[in-house]
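Overview (structure and organization)
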Amino acid sequence: MAADLAPLSDGSFHCDVKALMLPQATISSCKGTPIRFMTLGASDSLALLIAPDSPLHAVMGRRALEVAPLGISLIDASIKGAFVSQLDKGSNKAALFDRKTLLSYCPDAEDSVARPLDHNPVLTALLHRYYDFAVQHAPGLDALAQHAVSQHLMDLMVLVLGGRRDATELAKERGLAAARLEVIKADILARLDDGSLTLADLARRHRASPRTIQLLFERRGATFSEFLLEQRLLRAARLLRDPLHRVSKISDLAYLSGFNDVSYFHRAFRRRFGMTPSDAKAGQTES
């Protein structure tokens with residue numbers, strides 16, 4: 001990380017730092033008591049600073065900046081002695097990008113160091129969500145998929161900073177679309193048990209039109225309805241095979257998977273897995 005750290009409060013000190021090196025970015029998160037990170041001047045990275053829940057105070061040379069919770073800013077890790085302070089108990093996040101690569105997309109990026117970047121609330125919220133998605137899922141991905149995740153983060157940075165016109169258009173087509181789709185998928189997975197979940201609900205939650213969301217799915221070779229049904233069936237299959245649910249009724253497990261119509265669930269399950277839910281549950285009991 002090319003940084004030193006020091007506690008900012010008396011008494012016990014706790015700092016849980018996680019970092020992951022991706023092909024085009026290093027992402028890190030820190031959670032704990034108030035803390036200060038000071039750069040050692042050994043890195044030539046430009047870093048996106050994210051304040052999820054705690055106010056941050058940053059000093060970059062002669063520039064000082066207050067970052068409110070849910071805010072974002074750009075910091076320069078090459079400035080020796082620059083620091084970021086997490087003022088309350090909470091967390092802070094960062095994504096470090098290679099300076100040369102980022103400047104090739106956004107020639108004026110350095111002008112944004114220690115300046116507020118949250119001028120677009122929708123884009124800022126998407127960046128927060130996709131960052132969390134990357135932290136959660138990227139460690140288990142293969143090299144090709146990790147490269148895609150880091151490219152999507154880079155694309156979102158280009159849109160936040162305002163890059164060259166060609167770079168911005170490419171970022172919209174590639175990174176923005178992919179990031180929005182993954183965030184929407186994660187939202188669907190978190191609400192699979194909601195039998196009333198509709199495309200219109202998702203559109204309102206993600207400030208997009210239903211047609212926009214449909215297109216995001218169709219470009220990946222599936223419709224929203226197909227994705228939702230597949231994930232619900234996969235959840236039902238896991239529940240049916242789970243020893244903790246061996247005494248549960250099949251209808252209850254269907255409802256837990258978001259199916260309001262048990263007859264439809266039986267037909268869809270058999271069509272997908274070539275067996276009835278009862279067969280799947282019996283197989284779990286025998287094993």
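Further up the page is the structure itself.
The numbering scheme is per chain: residues are counted from 1 as the chain's sequence reads. Reporting of local features is limited, given that this is a predicted model, to residues whose pLDDT is at least 70; pairs of side-chain atoms are given and counted only at 80 or more, and all residues count toward the totals for whole chains, interfaces and linings. Only hydrogens and water are set aside; all other atoms, that is, all heavy atoms of the structure, feed into the side-chain values.

On to helix H6 (residues 210-218), then. Turning to H6, its buried residues number three or more, namely Ile213, Gln214, Leu216 and Phe217. For H6, the angular spread of the buried residues around the axis is 160 degrees, confining them to a single face. Turning to H6, the residues buried within the fold contact helix H4 (165-190), helix H5 (199-205) and helix H7 (224-241). Each residue is placed in one exposure class: buried if its accessible area under a 1.4 Å probe, protein chains only, is under 20% of its type's maximum, exposed if it is over 50%, and partly exposed if it falls in between. Only DSSP runs of H or I reaching four residues or more are called helices, and only runs of E reaching two or more are called strands; each is numbered from the N terminus. Arc definition: it is the arc formed by the directions from the helix axis to the C-beta atoms. Residue contacts follow a heavy-atom distance rule, with two residues in contact if any of their heavy atoms lie within 4.5 Å.

The strand order across the open sheet built from five strands is E2-E3-E10-E5-E8, with neighbouring strands paired in antiparallel fashion. Because the sheet does not close on itself, it has two edges, and the strands there are strand E2 (15-21) and strand E8 (72-76). Strand-to-strand twist of the sheet, defined as the mean angle between neighbouring strand axes without regard to direction, takes the value 20 degrees. Two strands pair if DSSP finds at least two bridges between them. Here strand E3 (residues 25-32) runs beside strand E10 (residues 90-98); their pairing, made up of eight bridges, is antiparallel. By the bridge assignment for E10, Lys31 is matched with Ser91. Geometry is summarised by axes, namely lines fitted to C-alpha atoms with helices restricted to the contacting stretch, and by angles between N-to-C directions that run from 0 to 180 degrees. Packed onto the sheet, helix H2 (residues 121-137) meets E3, strand E5 (45-50), E8 and E10 and runs at close to 90 degrees relative to E3.

All right, on to the pattern of salt bridges then. Throughout this description, the term salt bridge denotes a Lys or Arg side-chain nitrogen within 4 Å of a carboxyl oxygen of Asp or Glu. Enumeration over the complete set of coordinates arrives at nine salt bridges. A salt bridge links Lys93 to Asp132, with the shortest nitrogen-to-oxygen separation between them at 2.3 Å. With Lys93 in strand E10 and Asp132 in helix H2, this residue pair connects regions lying 39 residues apart in the sequence. With a shortest N-O distance of 3.4 Å, Arg211 and Glu218 are connected by a salt bridge. Via salt bridges that share partners, Asp44, Asp76, Arg99 and Glu110 belong to a single interconnected network.

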